[in-house]
Amino acid sequence: MGTVVDAANKEANGSAPINKKVTVVFVLGGPGSGKGTQCANIVEHFGYTHLSAGDLLRAEIKSGSENGTMIQNMIKEGKIVPSEVTIKLLKRAIEENENDKFLIDGFPRNEENRAAFESVTGIQPEFVLFFNCSEEEMQKRLLGRNQGREDDNIETIRKRFNVYMESSLPVIEYYSAKGKVKKIDAARPIGEVFEAVKAIFTPHLR
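Residues numbered from 1 in each chain as written. Predicted model: local features only at pLDDT ≥ 70, side-chain atom pairs only at ≥ 80, totals over all residues. Heavy atoms only, no water.

- Per an unreviewed UniProt entry, the protein goes by UMP-CMP kinase and derives from Salvia splendens.
- Comment text from UniProt for the protein, heading Function (unreviewed entry), reads "Catalyzes the phosphorylation of pyrimidine nucleoside monophosphates at the expense of ATP. Plays an important role in de novo pyrimidine nucleotide biosynthesis. Has preference for UMP and CMP as phosphate acceptors."
- You can read under Subunit (unreviewed entry) in the UniProt record for the protein the words "Monomer." (UniProt positions renumbered as here; feature names shortened; annotations may be inferred.)

Written out as structure tokens, the structure reads:
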């Protein structure tokens with residue numbers, strides 16, 4: 001009897017730790033670092049499920065749920081969606097998926113996200129895959145992607161890069177201190193980058 005009530009309480013506040021054994025890898029890298037391409041490769045070769053915080057938020061908005069409407073309004077008002085909201089979506093996706101290996105892409109974006117994720121889910125990442133790429137290289141890639149409309153893009157790109165570096169560095173430093181950061185030189189060609197990725201994931205195969 002108690003268990004049903006407990007389950008209902010957990011469901012109500014969504015803050016119970018995840019109750020299955022999962023392997024989580026955080027994937028971090030600035031705009032244009034090529035992490036999307038590499039995530040697709042990791043899914044294909046190593047059987048991970050790719051969870052993107054941004055995609056989950058967009059899907060929730062699309063679903064028309066009450067939660068989705070709230071998220072949409074926050075984004076419209078230029079507010080940052082609270083980490084609890086994003087974490088709840090990530091947690092639900094992990095629990096509902098049959099798989100036990102997950103790539104979490106573009107999250108945690110900052111130190112507060114990181115601390116909240118660990119305390120809500122009870123999960124420590126196996127490691128953090130960090131696609132390290134210079135601002136010049138990212139700029140070149142993003143401008144190439146935008147067919148060189150640089151007048152309205154170069155400033156935006158710089159801003160995005162600076163925001164990314166400022167907020168993500170503390171997360172990378174935190175996990176570096178624990179020996180959990182696997183840094184990849186993302187400026188190299190896609191094939192070479194994937195060889196480096198493979199070398200990191202292969203020992204973790206189970």
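From this point, the narrative continues.
Looking at the pattern of salt bridges
Then, number 1: Applying the stated criterion across every chain yields a total of nine salt bridges.
Then, number 2: Here Lys79 makes a salt bridge to Glu77, at a shortest N to O gap of 2.8 Å.
Then, number 3: A salt bridge links Glu118 to Arg114; the nearest nitrogen and oxygen atoms lie 3.6 Å apart. Within this pair, Glu118 and its partner Arg114 are both found in helix α6 (residues 111–121), separated by four residues, close to a single helical turn. Comparing Glu118 with Arg114, the two get one shared label, buried.
Then, number 4: Counted as one network, the salt bridges with shared partners bring together Glu111, Arg114 and Glu118. (Salt bridge = Lys/Arg side-chain N within 4 Å of Asp/Glu carboxyl O. Helix = DSSP H or I, 4+ residues; strand = E, 2+ residues; numbered from the N terminus. Buried < 20%, exposed > 50% of the residue type's maximum accessible area, 1.4 Å probe, protein only.)

So, the sheet that holds strand β4 (residues 127–132)
The strands that make up a sheet pair up through hydrogen bonds in the backbone, lying either parallel or antiparallel.
Then, number 1: Read across the open sheet, the five strands follow the order β2-β3-β1-β4-β5; overall the sheet is parallel. The open sheet has two edge strands, β2 (49–52) and β5 (181–185), and neither has a second partner. Between one strand axis and the next, the sheet turns through 25 degrees on average, direction left out of account.
Then, number 2: One ladder, built from five bridges, connects β4 with β5; its direction is parallel. (Pairing = 2+ DSSP bridges. Axes fitted to C-alpha atoms, helices over the stretch in contact; angles between N-to-C directions.)

Regarding the packing of aromatic side chains
Then, number 1: In the structure shown here, the tally under the stated rule is seven aromatic pairs.
Then, number 2: Taking the centre distance of 5.3 Å and the plane angle of 70 degrees together, the rings of Phe127 and Phe201 count as edge-to-face. Linking Phe127 in strand β4 with Phe201 in helix α9 (residues 190–201), this pair joins segments that are 74 residues apart in sequence. The exposure classification of Phe127 matches that of Phe201, with both residues buried.
Then, number 3: Ring geometry for Tyr174 against Tyr175: centres 5.0 Å apart, planes inclined by 85 degrees, an arrangement best described as edge-to-face. (Phe/Tyr/Trp six-rings, centres within 6.5 Å; stacked < 30°, edge-to-face > 60°.)

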